[in-house]
Amino acid sequence: MIQRLPPLNPLRAFEATARNRSLSKAARELCVTHGAISHQIKALEASLKVKLFDRSGQRLTLTEHGADLLPSVTSAFQEIASATARMTRPAKSGSLSISCVSALLSLWLMPRLASFTARYPEIRLTFTAGNDPAVIHSPDVDVAILYGDGSWTDCWLKLWSHFDLFPIASPSLINNRPIRTARDLAEHTILHGDNGHEWHIWRTAADVSGITGGQQHYFSDVRLALEAAVLGHGIALGDTLTAASLLTKGQVIVPFKLAVPAVHAFYVACSNDLRSTPVVDAFIDWLFSSIEEEDARAEPLIAARRTIRRAQQAQTLHQNETDPVTQTDL
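Here the structure is a predicted model, which is why all the values come from computation and not from measurement. (Residues numbered from 1 in each chain as written. Predicted model: local features only at pLDDT ≥ 70, side-chain atom pairs only at ≥ 80, totals over all residues. Heavy atoms only, no water.)

Thoughts on the overall build of the protein chain
Point 1. For the protein chain, the count of helices and strands is 12 helices and 12 strands.
Point 2. For the protein chain, the residues scored as buried account for 43% of the 330 residues in total.
Point 3. Pairs at least 24 apart in sequence give 75% of the contacts found in the protein chain among residues at least 6 apart.
Point 4. As presented, the protein chain carries roughly 17700 Å² of accessible surface, and 52% of it is formed by carbon and sulfur atoms. (Helix = DSSP H or I, 4+ residues; strand = E, 2+ residues; numbered from the N terminus. Buried < 20%, exposed > 50% of the residue type's maximum accessible area, 1.4 Å probe, protein only. Contact = heavy atoms within 4.5 Å. Areas by Shrake-Rupley, 256 points an atom, 1.4 Å probe, with all protein chains shown as cover.)

A word on the packing of helix H2 (residues 23-30) against helix H3 (residues 34-48)
Point 1. At a minimum axis distance of 8 Å, the contact between H2 and H3 shows a crossing angle of 105 degrees. Regarding the angle of H2 to H3, the classification is roughly perpendicular. Here H2 contributes Leu23, Ser24, Ala26, Ala27 and Leu30 to the contact with H3, which in turn contributes His34, Ile37, Ser38 and Ile41. (Axes fitted to C-alpha atoms, helices over the stretch in contact; angles between N-to-C directions. Parallel < 35°, antiparallel > 145°, perpendicular 65-115°, else oblique.)

Topic: the pairing of strand S2 (residues 59-62)
Point 1. Of the two faces of S2, only the one carrying Leu60 and Leu62 is buried; Arg59 and Thr61 on the other face are not.
Point 2. In this sheet, S2 lies alongside strand S1 (residues 53-56) in antiparallel orientation, the contact comprising 4 bridges. Its bridge partner lying in S2, Ser56 is registered against Arg59. (Pairing = 2+ DSSP bridges.)

Quick word on the pattern of salt bridges
Point 1. Under the counting rule described, the total for this entry stands at 8 salt bridges.
Point 2. With its nearest N and O atoms 2.8 Å apart, the salt bridge here joins Glu15 to Arg19. With a gap of 4 residues between them, Glu15 and Arg19 both fall in helix H1 (residues 8-20), about one helical turn apart.
Point 3. Residue class for Arg19 comes out partly exposed when judged on its relative accessible area of 42%.
Point 4. Note that Glu227 and Arg223 form a salt bridge whose closest N and O atoms lie 2.9 Å from each other. In this pair, Glu227 and Arg223 both sit in helix H9 (residues 222-230), 4 residues apart, roughly one turn of the helix. (Salt bridge = Lys/Arg side-chain N within 4 Å of Asp/Glu carboxyl O.)

Quick look at the sheet that holds strand S4 (residues 123-129)
Point 1. Strand order in this open sheet of 5 strands is S4-S3-S5-S12-S6, and the pairing throughout is mixed. Every other strand in the sheet has two partners, leaving S4 and strand S6 (156-161) as the edge strands with one partner each. Ignoring strand direction, the axes of neighbouring strands in this sheet form an average angle of 25 degrees.
Point 2. The strands touched by helix H11 (residues 278-293) within the sheet are strand S3 (94-100), S4, strand S5 (143-148), S6 and strand S12 (265-270), with S6 carrying the most contacts at an inclination of about 25 degrees.

Quick word on H11
Point 1. Over its 16 residues, H11 runs 22 Å from end to end, which matches the ideal 22 Å to within 8%, given 1.5 Å per residue.
Point 2. Looking at H11, one finds that the buried residues are Val279, Val280, Ala282, Phe283, Ile284, Trp286, Leu287, Phe288, Ser289, Ser290 and Ile291. (Expected span 1.5 Å × (residues − 1).)

Here's what the structure looks like:
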């Protein structure tokens, strides 16, 4: 059964008077007379059959009933104001908070940010690095780009991209300690961006899972492992999304031809009630159109092969001075 609500104008007069603790201030705020406010409050008290204010001269104080009613009325008017603001503001303006896997944020999203800014100059972005599915329901995050199995529930969720994994290393490291077969990994430091599971998958595919030896370093996220590889501290697993810029710049090379599919994938997620908001829709649309516009799988491998070919040609010219950088047939 739908309960009958008190009339809106008296409720508005009550809220303004209670907040200002003054009939005169409430009247000025609502652009009506002092008498009109007084009349509205008396009408509300008569409708509710309770007293809302105690009056002592010019001083107003809320009664127990008035204090009980005020929070609900204030909240209701704030909700109405917020909804009205969302409806009347430009469709593609406002603020947007995004949580993204650290490596993807640094190495894929940031280089393409100018494209989004040019298209939506009125949207202000806030970024947080992380991979915690709990942020999907956080009031501080609007959109999350996550790496995982996509099993998260009670939210809007869509697969964004699969990717492949392959070892990467700095050219200087490989020049100093050449790698000709996957068995040579035993002589190098292995850099992990997880608990070691992804390297195990690649070693198994390369048929060297039983080979032990070499130092192992573990990092809290893939981005740190990739940075360590760039600095020549060891060999990390790059992927066909985040390693592209490093390969193109020649900061790392790919010593093997073997690339294996990652166990999980990247997903885009947000709470169900945010999915249809204009700013969220704009960002998600841009995110998917960006990945579709480029051949994300081929780009880093092509760059890798070009880098290796250039290195091989240079090394051939100086064959007597240094060992060539080679790519194995794996």
